Amino acid sequence: MIKIITKTPQELEYLGKRLAQFLQPGDFLALDGDLGAGKTLLTQGIAQGLEVKEDINSPTFTIIHEYQSGRLPLYHMDVYRLKQPEELYDLGYEEYFYGQGVTVVEWAQIVASLLPDEYLGMEIAVVPEGRELRFAPFGSRYEHMIEELTGCDYSKYR
Ligand SMILES: Nc1ncnc2c1ncn2[C@@H]1O[C@H](COP(=O)(O)OP(=O)(O)O)[C@@H](O)[C@H]1O
Ligand SMILES: [Mg+2]
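What counts and what doesn't
Residues numbered from 1 in each chain as written. Chains lettered and ligands numbered in written order. Predicted model: local features only at pLDDT ≥ 70, side-chain atom pairs only at ≥ 80, totals over all residues. Near = placed C-beta within 6 Å. Helix = DSSP H or I, 4+ residues; strand = E, 2+ residues; numbered from the N terminus. Nonpolar A, V, L, I, M, F, W, Y, C, P; charged D, E, K, R; others polar. Buried ≥ 20, exposed ≤ 12 C-beta atoms within 10 Å, placed from the backbone. Arc of directions from axis to C-beta. Contact = placed C-beta atoms within 7 Å. Core = buried A, V, L, I, M, F, W, Y, C linked by C-beta atoms within 7 Å. Pairing = 2+ DSSP bridges. Axes fitted to C-alpha atoms, helices over the stretch in contact; angles between N-to-C directions.

Q: How would you summarise the site of ligand 1 if you had to cite specific residues and measurements?
A: Contacts to ligand 1 come from 16 residues, most closely from Gly-38, Lys-39, Thr-40, Leu-41 and Gly-130. Those elements that place two or more of their residues in the shell around ligand 1 are helix 1 (9-20), helix 2 (39-49) and strand 7 (130-138). Per-element accounting of the shell around ligand 1 gives the leading share, three residues, to helix 2. A class-by-class count of the residues in the shell around ligand 1 yields five nonpolar, seven polar and four charged.

Below, the structure written as structure tokens:
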């Protein structure tokens, strides 16, 4: 598995900013990690990289925030409060999951059964040095994306 350690919040945010450079319409990022791990911070970096003008706040209560001011639409979801994945149906989630923007889902494992076939999974773990990001790409597009991002040859990690 390809992993990166970020030692400061700024480093994690910057990683998101760099990741955003590779994003295209329809891309899907599934974030996991404990409360306070840095999922929202990473999303803030992604938003910066997409040149979203608004401030990015956690959509914990509304489940989804949509930003249209950047290079691509950004759909930022936090599904922590869902009791069942099926509650996503009421939110018209397919419009986001299969839309022309970039979808970022915090606590994605909660809706694992509804995730698309191809996506970039990222788990953020709290480690003594800071935060460890563990990449789990599903689909060759995302394998290439993390190769570009990290400079690692993904075939060595399969
Ligand atoms: N090395 C680090 N990388 C990322 N965040 C860190 C780090 N050290 C401390 N933090 C703090 O952890 C918090 C992460 O919060 P947040 O992004 O809201 O987490 P989540 O969305 O996963 O619940 C921020 O307050 C951030 O400043
Ligand atoms: Mg959060």
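Q: Report on helix 5 (residues 140-150), specifying residues and quantitative values.
A: Along helix 5, the positions that sit buried rather than exposed are Tyr-142, Met-145 and Ile-146. The buried residues of helix 5 occupy one face: seen down the axis, they fall within an arc of 90°. Check the buried side of helix 5 and you find it contacts strand 1 (2-6), strand 6 (119-127) and strand 7. Following helix 5 by one or two positions, Gly-151 adopts a phi angle in the positive range, close to 75°.

Q: So what's going on with the nonpolar core? Which residues, and what values?
A: Core analysis: the largest hydrophobic core is formed by 39 residues, its most contacted members being Leu-29, Ala-30, Leu-31, Leu-50, Val-104, Val-105 and Leu-120. Residues contacting Leu-29, with those up to four places away along its chain left out, are Thr-103, Val-104, Tyr-119, Leu-120 and Met-122.

Q: So, the sheet that holds strand 6: which residues are in play, and what are the values?
A: Taking strand neighbours across the sheet as the criterion, the seven strands line up as 1-7-6-2-5-4-3 in an open arrangement whose pairing is mixed. Of all strands in the sheet, those bounded by a partner on one side alone are strand 1 and strand 3 (64-67). When the angles between neighbouring strand axes are averaged without regard to direction, this sheet yields 20°. Against the sheet, helix 2 touches strand 2 (28-32), strand 3, strand 4 (74-78), strand 5 (102-106) and strand 6, its axis set at about 165° to strand 5. Packed onto the sheet, helix 5 meets strand 1, strand 6 and strand 7 and runs at close to 145° relative to strand 7.

Q: Outline the environment of Asp-117, listing residues and values.
A: Mapped onto the elements of the fold, Asp-117 is located in the loop between strand 5 and strand 6. With 21 residues separating them in the primary sequence, Asp-117 and Phe-138 have C-alpha atoms 7.2 Å apart.

Q: Mind laying out the pairing of strand 5, listing which residues take part and the relevant values?
A: Within strand 5, five of the five residues are buried, which leaves the element mostly enclosed by the surrounding structure. Here strand 5 shows a buried face lined by Val-102, Val-104 and Glu-106 and a second buried face lined by Thr-103 and Val-105. Sheet analysis places strand 2 next to strand 5, joined by four bridges and oriented parallel. Within strand 5, the position partnered with Leu-29 by the bridge is Val-104.

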